[in-house]
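Single-letter residue listing:
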Amino acid sequence: MLQKRLQAWDFYEQAPFPLGRRGDLGTLRIFSNFKFQQLTPYVPSDAHDVLPPAIAQSLQEALVDQRSGLSVQHNASVVKAELSEALKQQGVILTDLDSAVRDYPDLVQRYFMTDCVPFDSTKYTALHAAFWSGGVFLYIPKGVDIEDPILAQIWLDTPASAVFAHTLIIAEDLSSVRYVEEHSSAIEGDQPSLLSSVVEVYVKNAAHVEFSNMQDLGQNVWTITNKNAVHEKDGSTTWVLADLGSHAMLSHIGVGLQGNGSAGELVGVFFTDHDQRYSINTLSNHVGTATNAETLVKGVLTGESRVEFDGMIRVQPNAQQTASFLSDHTLLLSDNCRAESIPGLEIGANQVSASHGATTGRIDDEQLFYLMVRGIAREEAERIIVQGFFEPVLQRIPLENLRTRLRRSIVLRMSDGYESETDTWIDAQERWEVEGVDEYAVSLDIPAKEEEIQLAEY
Amino acid sequence: MESELIIKNLHANIEGKPILRGVDLLVKQGQVHALMGPNGSGKSTLANVIMGNPKYEVTDGEIWFNGENILEYSPDRRARMRLFLAFQYPMSIPGVSVANFLRRSLEAVREGNKPLEEGDNPTGKATKRKSIPPGEFRKLMQEKMRLLKVDNSFINRSINDGFSGGEKKRAEILQMALLEPEIALMDETDSGLDIDALKIVSESVNALRGPNLGILLITHYQRILDYITPDFVHVMYDGRIVLSGGPELAHELEAKGYEWLKPSDEENGVMVNG
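First things first, this report covers the structure right here in the doc.

## Quick notes on the overall build of chain A
Okay, so step 1: Regarding its fold elements, chain A presents 10 helices and 20 strands.
Okay, so step 2: Buried positions account for 50% of the 458 residues belonging to chain A.
Okay, so step 3: The long-range share in chain A, meaning contacts at least 24 apart out of those at least 6 apart in sequence, stands at 82%.

## Some remarks on the sheet that holds strand β2 (residues 69-74) of chain A
Strand pairing in a sheet is mediated by backbone hydrogen bonds. Such pairs are either parallel or antiparallel.
All names here are of chain A.
Okay, so step 1: With respect to topology, 10 strands assemble into an open sheet ordered β3-β2-β6-β8-β10-β12-β14-β16-β18-β20, the strand pairing being mixed. Only two strands of the sheet have a single neighbouring strand rather than two, namely β3 (77-83) and β20 (352-362). With strand direction ignored, the average angle separating the axes of adjacent strands in the sheet is 5°.
Okay, so step 2: Pairing of strand β8 (residues 176-185) with strand β10 (residues 208-216), which is carried by nine bridges, proceeds in the parallel orientation. Bridged to Val-177 within β10 is Val-209.
Okay, so step 3: Packed onto the sheet, helix α9 (residues 378-394) meets β14 (263-272), β16 (292-301) and β18 (322-332) and runs at close to 160° relative to β16.

## Quick notes on the pairing of strand β7 (residues 161-171) of chain A
Residue and element names in this part refer to chain A.
Okay, so step 1: Counting buried positions along β7 yields 11 of 11 residues, so the element is predominantly enclosed.
Okay, so step 2: Here β7 shows two buried faces, one formed by Ser-161, Val-163, Ala-165, Thr-167, Ile-169 and Ala-171 and the other by Ala-162, Phe-164, His-166, Leu-168 and Ile-170.
Okay, so step 3: One ladder, built from two bridges, connects strand β1 (residues 40-41) with β7; its direction is parallel. Looking at the pairing, Thr-40 lines up with Ser-161 of β7.
Okay, so step 4: Pairing of strand β5 (residues 136-140) with β7, which is carried by five bridges, proceeds in the parallel orientation. Bridge pairing links Phe-137 to Leu-168 in β7.
Okay, so step 5: Looking at chain direction, β7 and strand β9 (residues 193-203) are connected through 10 bridges and run parallel.

## So, the packing of helix α3 (residues 98-111) of chain B against helix α5 (residues 165-179) of chain B
Residues and elements named next belong to chain B.
Okay, so step 1: Here α3 crosses α5 at 35°, and the two axes come no closer than 10 Å. Remark: the crossing between α3 and α5 carries right-handed chirality. Contacts between α3 and α5 pair Val-98, Leu-102, Ser-105, Leu-106 and Val-109 from the former with Ala-171, Gln-175, Leu-178 and Leu-179 from the latter.
Okay, so step 2: Here the residues of the contact of α3 with α5 sort into seven nonpolar, two polar and no charged.

## Points about α3(B)
Okay, so step 1: Compared with the 20 Å implied by 1.5 Å per residue over 14 residues, the 20 Å span of α3(B) between its first and last C-alpha is a close match.
Okay, so step 2: For α3(B), the buried fraction is high: 11 of the 14 residues fall into the buried class.
Okay, so step 3: For α3(B), every residue scored as buried is listed here: B:Val98, B:Ala99, B:Asn100, B:Phe101, B:Leu102, B:Arg103, B:Arg104, B:Ser105, B:Leu106, B:Ala108 and B:Val109.
Okay, so step 4: Looking at the buried side of α3(B), the elements it contacts are α9 of chain A together with α2 (75-80), β7 (93-97), α4 (134-147), β8 (158-159) and α5 of chain B.
Okay, so step 5: B:Gly112 sits one or two positions beyond α3(B) and adopts a positive phi of about 85°.

Thresholds applied
Residues numbered from 1 in each chain as written. Chains lettered and ligands numbered in written order. Predicted model: local features only at pLDDT ≥ 70, side-chain atom pairs only at ≥ 80, totals over all residues. Helix = DSSP H or I, 4+ residues; strand = E, 2+ residues; numbered from the N terminus. Buried ≥ 20, exposed ≤ 12 C-beta atoms within 10 Å, placed from the backbone. Contact = placed C-beta atoms within 7 Å. Pairing = 2+ DSSP bridges. Axes fitted to C-alpha atoms, helices over the stretch in contact; angles between N-to-C directions. Left-handed = near helix turned anticlockwise from the far one by under 90°. Nonpolar A, V, L, I, M, F, W, Y, C, P; charged D, E, K, R; others polar. Expected span 1.5 Å × (residues − 1).

See below:
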């Protein structure tokens with residue numbers, strides 16, 4: 001493993017910084033000017049057995065209350081790794097990556113930054129491979145279904161630090177797991193820190209992995225993240241990504257559909273304000289036959305934030321019967337925010353169904369007027385429209401608590417951090433029990449011909 | 001005291017182009033006024049200007065409601081004074097359910113005509129009103145839906161999203177029933193409806209009619225007036241009300257059209273407004 005670190009460092013030193021295109025919003029360029037050398041890597045946790053209060057608190061409010069495992073990384077060290085007895089007995093392994101290198105060297109050597117996120121994918125993955133520390137290793141043996149989610153928290157609280165957190169998940173044949181990773185920070189001062197995270201997911205035959213990530217880092221943290229899943233036959237992955245925090249984020253999320261019949265789903269939500277910068281890059285890489293992918297990203301920008309979205313559907317030659325869909329919708333709330341959306345298609349096979357769609361727009365004045373004419377003040381009307389915009393994608397998020405947390409965060413962000421009792425989400429999901437159809441009720445479904453009777457001109 | 005909507009010499013532009021050229025009108029609670037006129041005469045503009053649509057610029061005149069000049073008020077504040085507009089083209093708002101939206105709306109309207117108080121919270125932003133308990137709201141909705149014979153499933157859908165033309169119009173009437181306005185402007189509520197839908201919508205309006213509701217019913221087609229008998233009929237032409245009368249005026253217009261009303265001289269328009 002040391003060899004790999006050195007090799008990665010060499011690669012990092014040689015590789016140029018990716019700079020993006022001329023005329024883009026410049027997120028890659030600001031990363032290339034980032035003073036990595038001023039940061040301190042390997043800041044160990046100063047917590048000995050006792051979790052810092054902020055972390056203990058956040059565990060109380062964690063996205064997952066009923067869980068089958070827990071891992072907490074505080075700065076560069078994993079301070080907690082717990083797994084239910086039942087799962088241990090079934091051979092599930094949940095441990096920090098350092099221990100895994102020692103205890104399961106074969107597995108780690110075979111899977112760590114090899115096929116899923118190769119260390120030499122980019123300059124930044126090489127940096128990660130050279131400096132990784134802490135991290136989570138999760139191994140699920142054949143046929144084991146983990147029903148309650150496993151929660152992983154990554155906490156940063158040291159100024160000017162660099163944390164390189166790695167998550168390696170191997171789901172053997174016919175197994176399944178729900179994994180939730182939260183990224184948070186509580187760092188004093190304006191000095192920037194860095195969280196570099198790599199997530200590698202190996203999905204074997206007919207296994208299923210659901211990975212949710214909530215990134216709510218402070219404004220003094222920069223983050224670079226690479227997430228990828230590789231699939232064997234009939235394997236499937238669901239990525240759920242919620243990005244709210246961090247000053248600057250460079251994220252790559254991929255599904256590699258090598259196995260025939262494999263499938264990937266990506267649901268992403270973001271909300272940026274102040275001068276946040278995001279570059280979000282997704283890749284649906286279709287290699288095997290009859291693979292499916294769906295990418296659905298929705299985001300709202302305000303303040304002077306900037307978001308670049310680059311979504312690629314790549315269908316390799318021989319990847320016949322691919323079905324792939326990608327959509328990215330962005331709503332701009334302020335005059336000074338900017339969004340750029342570049343969906344791309346590269347199709348090398350000829351029996352393919354692939355489509356993409358992207359929209360960027362502002363709140364419709366007529367919608368706003370409509371709500372205001374119903375007595376609702378402008379700010380609240382805007383909030384209702386934003387909620388309605390997010391709702392369809394939120395409903396795709398399987399984890400109830402994550403949905404609730406996101407709604408709350410979005411409402412908070414839109415009311416400048418002030419929360420009042422009734423600032424609750426207008427939840428389209430709240431359903432009334434419909435007490436049957438009234439005896440006298442007339443169906444609202446008036447036959448479609450009505451539009452034909454346009455009014456005669458006088 | 002009964003509410004009054006008084007419009008005096010109202011002039012309004014859209015993108016610099018004059019649409020309203022001096023409208024005078026008085027609508028009292030309990031009365032039904034029909035406002036007729038050809039396409040482009042300014043009827044819808046009038047409704048939008050009364051509600052404060054920022055798309056239009058008021059260049060002259062006044063709008064008084066319940067003794068206050070509301071011209072500078074925001075649309076939501078006008079609504080909270082219990083002015084209502086049933087839209088000709090109701091907007092759809094995907095992802096927001098009718099039930100939740102209407103609860104917010106009712107809470108706001110019940111709050112009444114106060115500018116939202118400021119300074120009670122750290123951001124200095126408007127404080128939020130009290131919420132109506134879901135049970136109470138549900139009961140009220142059920143009652144109104146029964147009155148208007150609206151199918152219960154309607155309540156769980158997103159606002160106007162995927163509604164047919166007829167459904168949108170009925171949803172507007174349902175909102176009107178719920179919010180109990182003192183004066184309601186109904187902008188071409190009859191347009192795009194077939195005869196059955198028109199009957200249903202008219203019956204709903206008639207069910208709401210009473211001493212507490214004044215209606216300005218905007219239409220350019222006499223048909224709806226067969227079902228809703230107005231107390232007064234006004235005819236708008238080229239940005240002015242050029243003729244006013246009783247319900248019989250509607251029939252006269254049906255027979256004669258609008259062309260004969262064309263003022264021979266711009267400055268000498270026929271003014272018969274009482």
